[in-house]
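# Tertiary structure, described
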Amino acid sequence: MTVLWDALYTNVNLATMVGGYGEQRDGALAVSGGRIAWIGLHTEASHKARTVHDCQGQWLTPGLVDCHTHIVHAGNRSDEFEARLNGATYEDIANGGGGIMSTVRATRAATPDELLRQSAPRVASLLAEGVTTLEIKSGYGLTLAAEAKMLRVARRLAQTMPVGVATTFLGAHALPPEYAGRADDYVDAVCAEMLPALAAEGLVDAVDAFCERIGFSNAQTERVFAAAQALGLPVKLHAEQLSDQRGAELVARFKGLSADHLEHLTQDGIDAMAGAGTVAVLLPGAYYFLRETVAPPVAALRAAGVPMAVATDCNPGTSPMTSILLAMNMACTLWRLTPREALAGCTVNAARALGLDGQIGTLEVGKRADFALWDIARPADLSYAIGLNPCRGVVNAGVLRHPVVSLPD
């Protein structure tokens, strides 16, 4: 009986990313039932396929994964960008009622449909560059109703656009004005009211917090993590972005998926992350946009064997970036990641930062058929060219589409 694959991609070079980086030149890849069914030399393809795609010597990579975004939000903060250029600091703006709270006000006021309408073009920009999975955080609602609205919109994006979405509850993002001076009471609400209700509705895949001087303390963050752990939810953390709050050590103690930002990470934090298998998520967009001068300790992370992911941190205040390729270039030029490390950072390591490395992030038989086709001479081109998008096709769960994505109605 003849075995029929759904599709065969032949005459293609494969960056498999197995083991951190792997290549199969003059290869072929078969898809069946939305999963990768076979990988080998194109001369060895032994089964027939309903559809055969001659890739003409181009490259296939796993679908790119943007593992840290705040992409669902309303409003714009270009006024704060201008204020920083005139001398204000990020903390000055936050302490004056701007910053995160500016976006909270706009997001609370937006209807779900309006929130979807504003967010979808940002998602489409990422999909045009080969992204097949992204994380979307809440954290601009800071009430149960508004946080639920954000997370439901994130789920709608996955239903209406060709992308996988991992949702993260970030209720401990900022202290809302109605809780001014009562941070512990707000943390009580996050732990006892918001998180259980949102988890019961199936809206939460992971839990995050902003552990920082202008965010929440180490002790308050630990309470959020304990509540997440009690519900069986994995944790991650905005850690050591503006100062050392020992957040990386805390999230490692909870066997967290990732610690993100990490500009002020210490060796103790690195050692804790290495021991726990916690991924370091590097966010060059925020570093660039805020004109920071303290870089994350990439060489020390590399030496300790901590896997490094790279993400856009798409958000309206500190990283209004919707280009994963630019994030890869910045990670290389600003922090000296190699192009192979940058690609691993947006594939296998980013998938691990979402707890999805068993499903996506590498080209392996049995994994979901999410991959991107590139008109490039070598994978390093993805980090090299600024402003060029060489993506020629994207496959999501086995379905081929062109990089340009239609927006939901």
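Sequence order as written defines the numbering, with residues in each chain counted from 1. Confidence filtering applies because this is a predicted model: local features only for residues at pLDDT of at least 70, side-chain atom pairs given and counted only at 80 or more, and all residues used for totals across whole chains, interfaces and linings. The basis for every side-chain value is the complete set of heavy atoms in the structure, and neither hydrogens nor water enter the calculation.

What follows covers the nonpolar core. What is meant by a nonpolar core is a set of buried Ala, Val, Leu, Ile, Met, Phe, Trp, Tyr and Cys residues, joined one to another through side-chain atoms within 4.5 Å. Exposed residues in this analysis have more than 50% of their type's maximum accessible area, buried residues have under 20%, and partly exposed residues fall in between, with area computed by a 1.4 Å probe over protein chains only. Residues Val 72, Leu 134, Val 204 and Val 207 are the most contacted members of the largest nonpolar core, which totals 102 residues. Segmentation of the chain into domains, including their bounds, is taken from an automatic or database domain assignment. No fewer than three residues from each of domain 1 (5–62 + 363–401) and domain 2 (64–354) sit in this core. Leaving out residues up to four positions away in the same chain, Val 72 has contacts with Leu 115, Ser 119, Ile 136, Tyr 140, Met 150, Val 153, Ala 154 and Leu 157. Residue contacts are counted whenever heavy atoms from the two residues lie within 4.5 Å of one another.

Its identity as a non-glycine residue notwithstanding, Met 17 has a phi of 65°, on the positive side. We count a stretch as a helix when DSSP gives it H or I for four or more residues in a row; a strand needs E for two or more, and each element gets its number in order from the N terminus. Its place among the elements puts Met 17 in the loop between β1 (4–15) and β2 (23–32). Given a relative accessible area of 0%, Met 17 falls into the buried group. Backbone geometry places Lys 255, a non-glycine residue, at a positive phi of 55°. Tracing the sequence through the fold places Lys 255 in the loop between α8 (247–253) and β11 (258–261).

With that settled, consider the UniProt feature "binding site: 4-imidazolone-5-propanoate" (unreviewed entry) in the protein. Within this structure's numbering, the places UniProt gives as "binding site: 4-imidazolone-5-propanoate" (unreviewed entry) are Arg 77, Tyr 140, His 173, Gln 241 and Thr 318. When the annotated set is filtered for residues lining the largest cavity, what remains is Arg 77, Tyr 140, His 173, Gln 241 and Thr 318. Examined against the element boundaries, Arg 77 turns out to sit in the loop between β6 (64–66) and α1 (78–85). By relative accessible area, Arg 77 is classed as buried at 4%. UniProt positions are given in the numbering used here, feature names are shortened, and annotations may be inferred rather than shown by experiment. Cavity: a set of points on a 1 Å grid over the protein atoms alone where a 1.4 Å probe fits but cannot get out. Pocket: an open set with protein on both sides within 12 Å along at least five of seven lines, its lining residues, like those of a cavity, having an atom within 4 Å of a point.

This part is about the layout of surface pockets. Approximately 250 Å³ is the volume attributed to the largest pocket. Those elements that place two or more of their residues in the lining of the largest pocket are α2 (90–95) and α3 (100–109). The element best represented in the lining of the largest pocket is α2, accounting for three residues. Size it by volume and the second largest pocket reaches roughly 170 Å³. What lines the second largest pocket is a set of 14 residues, among which Asn 76, Arg 77, Asn 315, Pro 316 and Pro 320 lie closest to the centre. Grid points are joined across faces, edges and corners, and a volume is the space filled by probe spheres set on the points.

Salt bridge, as applied in this entry: a Lys or Arg side-chain nitrogen positioned within 4 Å of an Asp or Glu carboxyl oxygen. Scanning the entire structure with this criterion turns up 22 salt bridges. One continuous salt-bridge network, built from bridges that share partners, spans Glu 135, Lys 137, Asp 208 and Lys 236.

A word on the sheet that holds strand β8 (residues 164–172). At least two bridges found by DSSP between two strands are what make those strands a pair. Strand order in the open sheet formed by four strands is β6-β7-β8-β9, with parallel pairing between adjacent strands. Each of the sheet's edge strands pairs with one partner strand only, and the pair in question is β6 and β9 (206–209). Neighbour to neighbour, the strand axes of the sheet diverge by 25° on average, direction disregarded. Of the pairings in the sheet, the one linking β8 to β9 comprises three bridges and is parallel in character. Residue pairing in the sheet places Phe 169 in a bridge with Val 207 of β9. Only the stretch in contact is used when a helix axis is fitted, and all axes are lines through C-alpha atoms; the angle between N-to-C directions ranges over 0 to 180 degrees.

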